[in-house]
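Report on the structure
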Amino acid sequence: MAVVAILSPGHPRARAATDDGLAAQLRLLQAADARVARIGWQLKAANVALCPETRPELGIMLYDAAQFAPEVRSVAGELFGLAAPVAVSVVVPDGPGDRAGLRPGDGIVAIDGEPLPRKLPAAQATFDGVEAALALLDRASGEAAARARPVKLRVVRGAGEVDIALDPRPVCAAFVQLLPDPRSEASADARTISVSTGLLDRVANDDELAFLIGHELAHIMLGHRERFARARVDKGLFAGFGRNGAILRAAEADADRLGIVLSARAGYDVFAAAAFWRRAGRAAAPLIGDGTHPGWRTRARDADAISAAIAANREDAMPPDDLRAQLVDRRRQLDAKMKAFDR
């Protein structure tokens, strides 16, 4: 999925594209954004009872006209119907934004009475505007949830302005984003899950993508980044060797297991993980199982076992309280493993 040029400030391919080609890339990007946002929201909402940290969200994503290079802004504005510099790009189905009647293309001019800039910035492309708007939206959502009131947006729609009230919904505290990158990658830090456009070309369906996003959400829920820091885990050239590799492989296996549970709870095919590892593993065997991750055959076999266990008790398996207890116990086990590795 070649949608990278339009979002990369100064990318040489951005200027070479024709308007028609650019519009096609933008449509692909918008569809990919919506797909990742929808699946990420479903995972975060369905598993909120399990997450150690939650936060209120509105189920929307934003575009800022300034994130596009100047020569493509007019195409983007016409295609997406950007009614203001900062506009709604995605509204996830059945989220707060959808329920309140917010639409893609609605231009946001004020959040809880605080106005957003209505003028485009200087010629250079930047993400500063959308990041500032997202920070303001997060703050407003937190304050609204704490006071049991809605977030009030003033949006430009057509020739007029409309006031819309959205009731934030608590979800797992993780931001899921699409990165315009042809490489096939997904990653997570302490709060953000990043999915590349290249990965979308590699998955067979939404069920596989849900497992992969669930895998990254599991890393966050299990606190792997913090544990790696405490254990002084190195992710350099020789990361897959010795104690270092053992810690990383154990974390990946745990994220696989929990990721299957999370995606199943969100309504996705419980057997998608094994199908993905078998197909992707055969296609890219040299890149999988480098010592930092279990081999694809091991991951597929383990996925078969956990998926079968879940499917056998689908109606009454893993109620939230039991899962939460299992998750807390698993985190304790991981802490014990870290101490054992240090001895």
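In the block above lies the structure referred to throughout.
First, a word on scope: everything that follows refers to the structure included in this document. (Residues numbered from 1 in each chain as written. Predicted model: local features only at pLDDT ≥ 70, side-chain atom pairs only at ≥ 80, totals over all residues. Heavy atoms only, no water.)

Quick look at the nonpolar core now. The biggest cluster of nonpolar side chains holds 56 residues, and the ones touching the most others in it are Ile193, Val195, Ile213, Leu217 and Leu262. By residue number, the principal contributor to this core is helix α7 (residues 206-221), which donates nine residues. In this structure Leu217 touches Leu43, Cys172, Ala174, Ile193 and Leu262, once residues within four positions along its chain are discounted. Leu62, Val130, Ala140 and Ile164 belong to the second largest nonpolar core, which has 21 residues in total. (Core = buried A, V, L, I, M, F, W, Y, C linked by side-chain atoms within 4.5 Å. Buried < 20%, exposed > 50% of the residue type's maximum accessible area, 1.4 Å probe, protein only. Helix = DSSP H or I, 4+ residues; strand = E, 2+ residues; numbered from the N terminus. Contact = heavy atoms within 4.5 Å.)

All right, on to the pairing of strand β3 (residues 86-91) then. The element β3 is extensively covered by neighbouring structure, given that six of its six residues are classed as buried. Strand direction decides the pairing type here: strand β2 (residues 60-64) and β3, joined by five bridges, are antiparallel. Looking at β3, one finds that Asp64 is bridged to Val86. (Pairing = 2+ DSSP bridges.)

For Asp33, the position within the fold is in helix α2 (residues 19-46). Here Asp33 sits buried without a salt bridge, and the closest side chain of opposite charge, Arg35, lies 11 Å off (N-O distance). With near-sequence residues (within four places) excluded, Asp33 lies in contact with Met61, Tyr63, Val90 and Leu178. (Lys, Arg positive; Asp, Glu negative; His and termini not counted. Salt bridge = Lys/Arg side-chain N within 4 Å of Asp/Glu carboxyl O.)

Another point: the packing of aromatic side chains. In this structure the tally under the stated criterion is three aromatic pairs. Consider the rings of Phe276 and Trp277, whose centres lie 5.0 Å apart with planes at 65°: the pair is edge-to-face. Since its relative accessible area comes to 4%, Phe276 is described here as buried. Judged by its relative accessible area of 7%, Trp277 falls in the buried class. (Phe/Tyr/Trp six-rings, centres within 6.5 Å; stacked < 30°, edge-to-face > 60°.)

Under the definition given, this model contains 17 salt bridges. A salt bridge links Glu57 to Arg55; the nearest nitrogen and oxygen atoms lie 2.6 Å apart. Exposure remark for Glu57: the relative accessible area of 11% places this residue in the buried category. Salt bridges sharing common partners tie together Arg35, Arg38 and Asp206.

Applying the stated criterion to the full structure yields two cavities of 30 Å³ or more. Each pocket or cavity is described by its volume, and for the largest cavity that value is around 80 Å³. Taken together, Ala253, Asp256, Arg257, Ile260, Trp277, Pro294, Thr298, Arg299, Asp302, Ala303 and Ile306 make up the full set of residues lining the largest cavity. Listing elements by their share of the lining of the largest cavity, those giving two or more residues are α9 (242-265) and α11 (296-312). With five residues, the top contributor of residues to the lining of the largest cavity is α11. Its residues assigned to classes, the lining of the largest cavity comprises six nonpolar, one polar and four charged. (1 Å grid on protein atoms, 1.4 Å probe; cavity = no way out; pocket = protein on both sides within 12 Å on 5 of 7 lines; lining within 4 Å. Points joined across faces, edges and corners; volume = space filled by probe spheres on them. Nonpolar A, V, L, I, M, F, W, Y, C, P; charged D, E, K, R; others polar.)

In this section: α11. Here α11 contains 17 residues, and its C-alpha end-to-end distance of 24 Å stays within 8% of the 24 Å for a straight helix at 1.5 Å per residue. All buried positions along α11 are accounted for by Trp296, Arg299, Ala300, Ala303, Ser307 and Ile310. All buried residues of α11 fall inside an arc of 95° around its axis, so they share one side. Along α11, exposed side chains directed more than 90 degrees from the buried face belong to Arg297, Arg301 and Ala312. (Expected span 1.5 Å × (residues − 1). Arc of directions from axis to C-beta.)

The volume enclosed by the second largest pocket comes to roughly 810 Å³. Surrounding the second largest pocket, 34 residues form its lining, Met61, Leu134, Phe175, Val176 and Gln177 being those nearest its centre. Those elements giving two or more residues to the lining of the second largest pocket turn out to be α2, β1 (54-57), β2, α5 (128-146) and β9 (175-179).

What follows is about the sheet that holds strand β10 (residues 186-188). What the three strands build is an open sheet, ordered β9-β11-β10; its pairing is mixed. A strand with exactly one partner marks an edge of an open sheet, and here the two such strands are β9 and β10. Each strand axis lies, on average, 20° off the axis of its neighbour in the sheet, ignoring direction. One ladder, built from three bridges, connects β10 with strand β11 (residues 192-196); its direction is antiparallel. Its bridge partner being in β11, Ala186 is matched across the sheet by Val195. Along the sheet, α7 makes contact with β9, β10 and β11, crossing β11 at roughly 150°. (Axes fitted to C-alpha atoms, helices over the stretch in contact; angles between N-to-C directions.)

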